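# Fold and contact review
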Amino acid sequence: QVQLVESGGGLVQPGGSLRLSCVTSGFTLNTYAMGWFRQAPGKERELVAAISSGGDTYYAASVKGRFTISRDNAKNTLYLQMNSLKPEDTAVYYCATGRYAIISEYYDYWGQGTQVTVSS
């Protein structure tokens, strides 16, 4: 009964901030890697950030320095803090769990996605 539910998306102006949350159930959060992916319409899904079971993190070059991935094990929740947002960050954002990897095939369970739109 693994479940992941994203929230926190919305419309924000360039330069603004959003914090995405992914509430998980059915597994112990800190025993698996977690990742945030994003997908714009008609485009391939790409990894934005990932965190291993041991706390190692990965960020796509396009978001490094602006986004921060973190987890709250007590709340079984994964977060993506997004600062200095740009129009090119517009996409549906998904959280996923699986093996610590860059490609999506290594992630076994996915949330439903939350829309992030960065526009004036």
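### Describing the sheet that holds strand S7 (residues 67-72)
The strand order S1-S3-S8-S7 describes an open sheet built from 4 strands, whose pairing is antiparallel. Each edge of the open sheet is held by one strand with a lone partner, namely strand S1 (3-7) and S7. Adjacent strand axes in the sheet meet at a mean angle of 15°, parallel and antiparallel pairs treated alike. With 6 bridges connecting them, strand S3 (residues 18-25) and strand S8 (residues 77-82) associate as antiparallel partners. If you follow Arg 19 over to S8, its bridge partner there is Gln 81.

### Some thoughts on the environment of Tyr 107
The topology assignment puts Tyr 107 in strand S10 (residues 107-110). Note: C-alpha distance between Tyr 107 and Val 2 (105 residues apart in sequence) is 13 Å. When near neighbours in sequence (up to four residues on either side) are disregarded, Tyr 107 contacts Met 34, Gly 35, Phe 37, Leu 47, Ala 50, Ala 96, Thr 97, Gly 98, Arg 99, Tyr 100 and Ala 101. At a separation of 2.6 Å, a polar atom in the side chain of Tyr 107 contacts the main-chain carbonyl oxygen of Ala 101.

### Let's talk about the state of the cysteines
Counted by the stated rule, this structure contains 1 disulfide. Each disulfide pairs two cysteine sulfurs, and for Cys 22 the partner residue is Cys 95, the sulfurs being separated by 2.0 Å. On the S-S bond that ties Cys 22 to Cys 95, the torsion sits near 55°, and the link is right-handed. With Cys 22 in strand S3 and Cys 95 in strand S9 (residues 91-98), this pair connects stretches of sequence that are 73 residues apart. Of the two residues examined, Cys 22 and Cys 95, each falls in the buried class.

### A look at the pairing of S8
Regular strands have side chains that alternate between both faces of the sheet. Counting buried positions along S8 gives 5 out of 6 residues, so the element sits mostly inside the fold. The pairing of S7 with S8 spans 6 bridges and is classified as antiparallel. Within S8, the position partnered with Ser 70 by the bridge is Tyr 79. The loop that links S7 with its antiparallel partner S8 comprises 4 residues; one of these, Asn 76, has a positive phi angle of about 50°.

### Details of the packing of aromatic side chains
In this structure the tally under the stated criterion is 4 aromatic pairs. Seen in terms of ring centroids, Phe 37 and Trp 110 are 4.8 Å apart; in terms of plane orientation they differ by 55°. Their pairing is tilted. Of the two residues, Phe 37 is situated in strand S4 (residues 33-39) and Trp 110 in strand S10; the sequence distance between them amounts to 73 residues. Residue class for Trp 110 comes out partly exposed when judged on its relative accessible area of 25%. Here the aromatic residues Phe 37, Tyr 107 and Trp 110 are joined through ring pairs into a cluster of three or more. If you follow Arg 45 out to its NZ or CZ, it ends over the ring of Tyr 94, 5.8 Å from the centre. The ring of Trp 110 carries Arg 45 above its face, with NZ or CZ at 3.8 Å from the centroid.

Calculation criteria
- Residues numbered from 1 in each chain as written.
- Predicted model: local features only at pLDDT ≥ 70, side-chain atom pairs only at ≥ 80, totals over all residues.
- Heavy atoms only, no water.
- Pairing = 2+ DSSP bridges.
- Helix = DSSP H or I, 4+ residues; strand = E, 2+ residues; numbered from the N terminus.
- Axes fitted to C-alpha atoms, helices over the stretch in contact; angles between N-to-C directions.
- Contact = heavy atoms within 4.5 Å.
- Polar contact = N/O pair within 3.5 Å; in protein donor to acceptor, adjacent residues only side chain to side chain.
- Disulfide = S-S within 2.5 Å.
- Buried < 20%, exposed > 50% of the residue type's maximum accessible area, 1.4 Å probe, protein only.
- Phe/Tyr/Trp six-rings, centres within 6.5 Å; stacked < 30°, edge-to-face > 60°.
- Lys NZ or Arg CZ within 6 Å of the ring centre and 35° of its normal.

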